[in-house]
Amino acid sequence: MEQKENRAVLRGTVAGDAVLSHQVHGIDFYRFPLAVPRLSGREDVLNILCPGPLSALPPAGEYVEITGQVRSFNNRSGVGSRLVITVLARSVAPGIGEPCNQVFLQGTLCKPPVLRQTPLGRDICDLLLAVNRRYRRADYLPCISWGALALRCGQMTTGDPLCLEGRLQSRLYRKTIGATVQERTAFELSVTCLTPPAEEEPAGA
């Protein structure tokens, strides 16, 4: 059953071999990187989580289309980012057509937005969206918006329902821990469209 509040369609190239991530109810889940180019020529390398068997997963170098949901979990190992973002694949098929990176999220703003400016004076706004899933769980997904859209997002308040469309992107940054500097990767939704959430139809309509 498709979850309308959380949809992702990715089309790109498998950038590495799949490795075992974890096991749930006897099912092995594997993780592999997917490289999706941007129009600028850069590429986003995204973590794909997919149930096995390993022999059924696409090999490195294959061009594929992934449909699924964006998921988050807390990394308690102390190594790398605290919030880990993946795409849980519901289907994997041979890729046909141009690269694609489309995400739709419907959820609730769970922290006050942070509106700021880049050194060049461009407005930027950071959001954290809680997207419900089954069994009373939720995914907490960082989002970022720019320009006029950032100013709109900056006026939102905690608890506001939001519908966002955009691109899941990867971004390298450096974090200083004591005397060492670590290079890490952050994942976030780059928002391209903000729409009011659809109203539920009354019962019996």
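Predicted, not measured: the structure shown is a model, and the values here were computed from it.

Okay, the nonpolar core next. Counting residues in hydrophobic clusters, the biggest one holds 38 residues, and the most contacted among them are Leu-34, Ile-48, Ile-66 and Leu-164. Setting aside chain neighbours within four positions, we find Leu-34 in contact with Leu-10, Gly-12, Thr-13, Val-14, Ala-15, Asp-44, Val-45, Leu-46, Ile-48, Val-64 and Ile-66.

Turning our eyes to something else, we now look at the pairing of strand 9 (residues 123-133). Within strand 9, nine of the 11 residues are buried, which leaves the element mostly enclosed by the surrounding structure. Two strands pair when backbone bridges link them, and strand 7 (residues 100-109) and strand 9 are joined in this way by two bridges, in the antiparallel orientation. Within strand 9, the residue paired with Thr-108 across the bridge is Ala-130. Sheet analysis places strand 8 (residues 114-117) next to strand 9, joined by four bridges and oriented antiparallel. Each bridged residue has a counterpart across the sheet, and for Val-114 the counterpart in strand 9 is Asp-126. Counting the residues in the hairpin turn of strand 8 and strand 9 gives five residues, including Gly-121, whose phi is positive at 90°. As paired strands, strand 9 and strand 10 (residues 137-146) are joined by 10 bridges and run antiparallel to one another. Of the residues in strand 10, the one forming a bridge with Asp-126 is Ile-144.

Turning to empty space enclosed by the protein, a few remarks are in order. If a probe as big as a water molecule is rolled over the atoms, it shows which places are left empty. One pass over the full model with this rule turns up one cavity of 30 Å³ or more. For the largest cavity, the calculated volume is near 40 Å³. Forming the boundary of the largest cavity are Val-70, Ile-85, Val-103, Leu-105, Leu-141, Pro-142, Leu-168, Phe-187, Glu-188 and Leu-189. Going through the elements one at a time, strand 7, strand 10 and strand 12 (180-195) are the ones with two or more residues in the lining of the largest cavity. With three residues, strand 12 is the single largest residue contributor to the lining of the largest cavity. Residues of the lining of the largest cavity, tallied by class, amount to nine nonpolar, no polar and one charged.

Inspection of the entire model under this criterion finds seven salt bridges. We note a salt bridge from Arg-38 to Asp-44, for which the minimum N-O separation is 2.7 Å. A relative accessible area of 0% means that Asp-44 is categorised as buried. Close ionic contact of Arg-116 with Asp-126 constitutes a salt bridge, the shortest N to O distance being 2.7 Å. Here Arg-116, found in strand 8, pairs with Asp-126, found in strand 9; they are 10 residues apart in sequence, far enough to count as distant. Of the residues examined, Asp-126 reaches a relative accessible area of 24% and is grouped as partly exposed. Through salt bridges with shared partners, one network takes in Arg-38, Asp-44 and Arg-167.

About the criteria used
- Residues numbered from 1 in each chain as written.
- Predicted model: local features only at pLDDT ≥ 70, side-chain atom pairs only at ≥ 80, totals over all residues.
- Heavy atoms only, no water.
- Core = buried A, V, L, I, M, F, W, Y, C linked by side-chain atoms within 4.5 Å.
- Buried < 20%, exposed > 50% of the residue type's maximum accessible area, 1.4 Å probe, protein only.
- Contact = heavy atoms within 4.5 Å.
- Helix = DSSP H or I, 4+ residues; strand = E, 2+ residues; numbered from the N terminus.
- Pairing = 2+ DSSP bridges.
- 1 Å grid on protein atoms, 1.4 Å probe; cavity = no way out; pocket = protein on both sides within 12 Å on 5 of 7 lines; lining within 4 Å.
- Points joined across faces, edges and corners; volume = space filled by probe spheres on them.
- Nonpolar A, V, L, I, M, F, W, Y, C, P; charged D, E, K, R; others polar.
- Salt bridge = Lys/Arg side-chain N within 4 Å of Asp/Glu carboxyl O.

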